[in-house]
There are 2 protein chains.
Amino acid sequence: MNNSTQNHYMAEALSEAKAAAQRGEIPVGAVIVDGATGEIVARAGNETEASSDPTAHAEMIAIRKACTARNTPRLAACDLYVTLEPCPMCATAISFARLRRVYFGAYDPKGGGVEHGPRIFSQPTCHHQPETYGGIDEQASSSLLRDFFKDKR
Amino acid sequence: MNNSTQNHYMAEALSEAKAAAQRGEIPVGAVIVDGATGEIVARAGNETEASSDPTAHAEMIAIRKACTARNTPRLAACDLYVTLEPCPMCATAISFARLRRVYFGAYDPKGGGVEHGPRIFSQPTCHHQPETYGGIDEQASSSLLRDFFKDKR
């Protein structure tokens, strides 16, 4: 897995984030990739507004779609690409789903749960720690979020 | 809100947990109650096996159902009753949903995220802390879980 591969999948996640922004959702997008074949198993953008569902983060929807597609609650050979550092809810779901790796774009000091806040994967009670790589194409993800909130003011 | 009211709603959550056990699911159940009217807005048992969905905890399903029923992602005047201490995923979702109070049955030192592990509501980055009350009808919830895992061995 080299940098250009990572950037390719992050671009797919970014495209989901941009589509979310166009729907008036906070622009976060995610894709789940089969680590062996490179196939995109599931893709999603944030849907909290449209669904009136505070759990409808891009990662949660992508995990649920991928588990449905594979008919298993375990995505052990799969990797998640997401444009923003996962929150504690999503980080815990990522651990439950046994995802192999997490690549994220922008760091989230206020709401993140991987490198900030409860640092879910470092908790002694966390039973599965994926490899995590932050800051992948960070500028693109954070400027998308910045522009979205600027327009809202 | 007195003890017998709490026990009444916890009995409803326990009935969801028992129904989950009969479906072969880890027996955890939840109900969400309108704090003003006493109406049960949503009820759910664990569905992780049936849905092949690692996020399908009783609390998550109940929150999603209640938000759909009320057509809002905020359940500010509502209380959650759940038979087991919520995990970090569910605790974060509870905070996002702005639930007023959380009453839980059994404590969960290995997987809990309220009184154990990351103690989500005590994190400086947690923006909404519900009131929490643990150990409500604890014996009934924990013996249900103990019997379930004993039968599985």
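As shown above, the structure is provided for reference.
Because the structure is predicted, anything quoted here is derived from the model rather than measured.

A. Spatial organisation of the side chain of Asp34(B). Residue and element names in this part refer to chain B. Mapped onto the fold, Asp34 is located in strand S1 (residues 29–34). Take Asp34: its relative accessible area is 10%, and that puts it in the buried class. A distance of 2.9 Å separates polar atoms of two side chains, one belonging to Asp34 and the other to Arg70. Not counting residues within four places of it along the chain, the set of residues in contact with Asp34 comprises Glu39, Val41, Arg70, Ala77 and Cys78.

B. Structural view of the packing of helix H3 (residues 58–70) of chain B against helix H4 (residues 88–96) of chain B. Residue and element names in this part refer to chain B. Relative orientation of the contacting elements H3 and H4 amounts to 25°, with a least axis distance of 9 Å. The angle between H3 and H4 places the two elements in the roughly parallel class. As H3 runs across H4, the sense of the crossing is left-handed. Where H3 abuts H4, its residues Glu59, Met60 and Ile63 lie against Met89, Cys90, Ala93 and Ile94. Of the residues assigned to the contact of H3 with H4, the class counts are six nonpolar, no polar and one charged.

C. Representation of the pairing of strand S3 (residues 78–84) of chain B in the model. Residues and elements named next belong to chain B. Among the seven residues of S3, seven are classified as buried, and the element is accordingly described as predominantly covered. In terms of strand pairing, S1 meets S3 through five bridges, oriented antiparallel. Counterpart to Val33 in the pairing with S3 is Asp79. Direction of pairing for S3 relative to strand S4 (residues 101–106): parallel, over a ladder of five bridges. Each bridged residue has a counterpart across the sheet, and for Leu84 the counterpart in S4 is Ala106. Viewed along the sheet, the connection from S3 through H4 into S4 turns out right-handed.

D. A look at the interface of chain A and chain B. Taken together, the contacts link 27 residues of chain A with 27 residues of chain B. For the chain A face of the interface with chain B, the top three residues by lost area are Ser52(A), Pro54(A) and Arg64(A), together amounting to 25%. For the pair chain A and chain B, the number of links is two salt bridges. Linking chain A with chain B are two residue pairs in polar contact (both at pLDDT 80 or more). Per-class residue counts for the side of chain A that touches chain B are 14 nonpolar, 10 polar and three charged.

E. Main features of the nonpolar core. Core analysis: the biggest nonpolar cluster contains 70 residues, and Ile32(A) and Ile32(B) have the highest contact counts within it. Ignoring anything within four residues of it in the chain, the contact list for Ile32(B) reads Glu39(B), Ile40(B), Val41(B), Ala42(B), Ala62(B), Ile63(B), Ala66(B), Leu75(B), Cys78(B), Asp79(B), Leu80(B) and Leu99(B).

F. The arrangement of the relation of the copies chain A and chain B in detail. Superposing chain A onto chain B takes a rotation of 180° combined with a translation of 0.0 Å along the rotation axis, leaving an RMSD of 0.0 Å. Here the transformation between the copies is reduced to the relation of a two-fold axis. Identified as the residue of chain A closest to the rotation axis by C-alpha distance is Met89(A), at 1.9 Å. Mapped onto chain B, 100% of the interface residues of chain A are again interface residues, and the two copies thus contact each other with one and the same surface.

G. Molecular detail of the environment of Ile94(B). Residues and elements named next belong to chain B. Mapped onto the elements of the fold, Ile94 is located in helix H4. With a relative accessible area of 0%, Ile94 lands in the buried category. In this structure the C-alpha to C-alpha distance between Ile94 and Ala44, which are 50 residues apart in sequence, comes to 15 Å. Aside from chain neighbours lying at most four places away, what touches Ile94 is Ile63, Leu80, Pro86, Leu99, Val102, Phe121, His128 and Pro130.

H. Region of interest: the sheet that holds strand S4 (residues 101–106) of chain A. Residues and elements named next belong to chain A. An order of S2-S1-S3-S4-S5 is seen for the five strands of this open sheet, with the pairing classed as mixed. The open sheet has two edge strands, strand S2 (40–45) and strand S5 (131–133), and neither has a second partner. Along the sheet, successive strands turn relative to each other by an average axial angle of 15°, direction set aside. In this fold helix H3 (residues 58–70) packs onto strand S1 (29–34), S2 and strand S3 (78–84), with an angle of close to 150° to the strand it touches most, S2.

I. Local environment of the packing of helix H1 (residues 3–22) of chain B against helix H5 (residues 138–152) of chain B. Residue and element names in this part refer to chain B. Taken N-terminus to C-terminus, the directions of H1 and H5 make an angle of 5°; their axes are 11 Å apart at the nearest point. In terms of their interaxial angle, H1 and H5 are classed as roughly parallel. Across from Leu14, Ala17, Lys18 and Ala21 in H1, the residues of H5 making contact are Ala140, Ser141, Leu144 and Phe148. Among the residues forming the contact of H1 with H5, the class breakdown is six nonpolar, one polar and one charged.

Thresholds applied
- Residues numbered from 1 in each chain as written.
- Chains lettered and ligands numbered in written order.
- Predicted model: local features only at pLDDT ≥ 70, side-chain atom pairs only at ≥ 80, totals over all residues.
- Heavy atoms only, no water.
- Helix = DSSP H or I, 4+ residues; strand = E, 2+ residues; numbered from the N terminus.
- Buried < 20%, exposed > 50% of the residue type's maximum accessible area, 1.4 Å probe, protein only.
- Polar contact = N/O pair within 3.5 Å; in protein donor to acceptor, adjacent residues only side chain to side chain.
- Contact = heavy atoms within 4.5 Å.
- Axes fitted to C-alpha atoms, helices over the stretch in contact; angles between N-to-C directions.
- Parallel < 35°, antiparallel > 145°, perpendicular 65-115°, else oblique.
- Left-handed = near helix turned anticlockwise from the far one by under 90°.
- Nonpolar A, V, L, I, M, F, W, Y, C, P; charged D, E, K, R; others polar.
- Pairing = 2+ DSSP bridges.
- Right-handed = clockwise from strand over helix to strand, strands pointing away.
- Buried area = accessible area lost by both parts, 1.4 Å probe.
- Salt bridge = Lys/Arg side-chain N within 4 Å of Asp/Glu carboxyl O.
- Core = buried A, V, L, I, M, F, W, Y, C linked by side-chain atoms within 4.5 Å.
- Least-squares fit on C-alpha atoms with pLDDT ≥ 70 in both.

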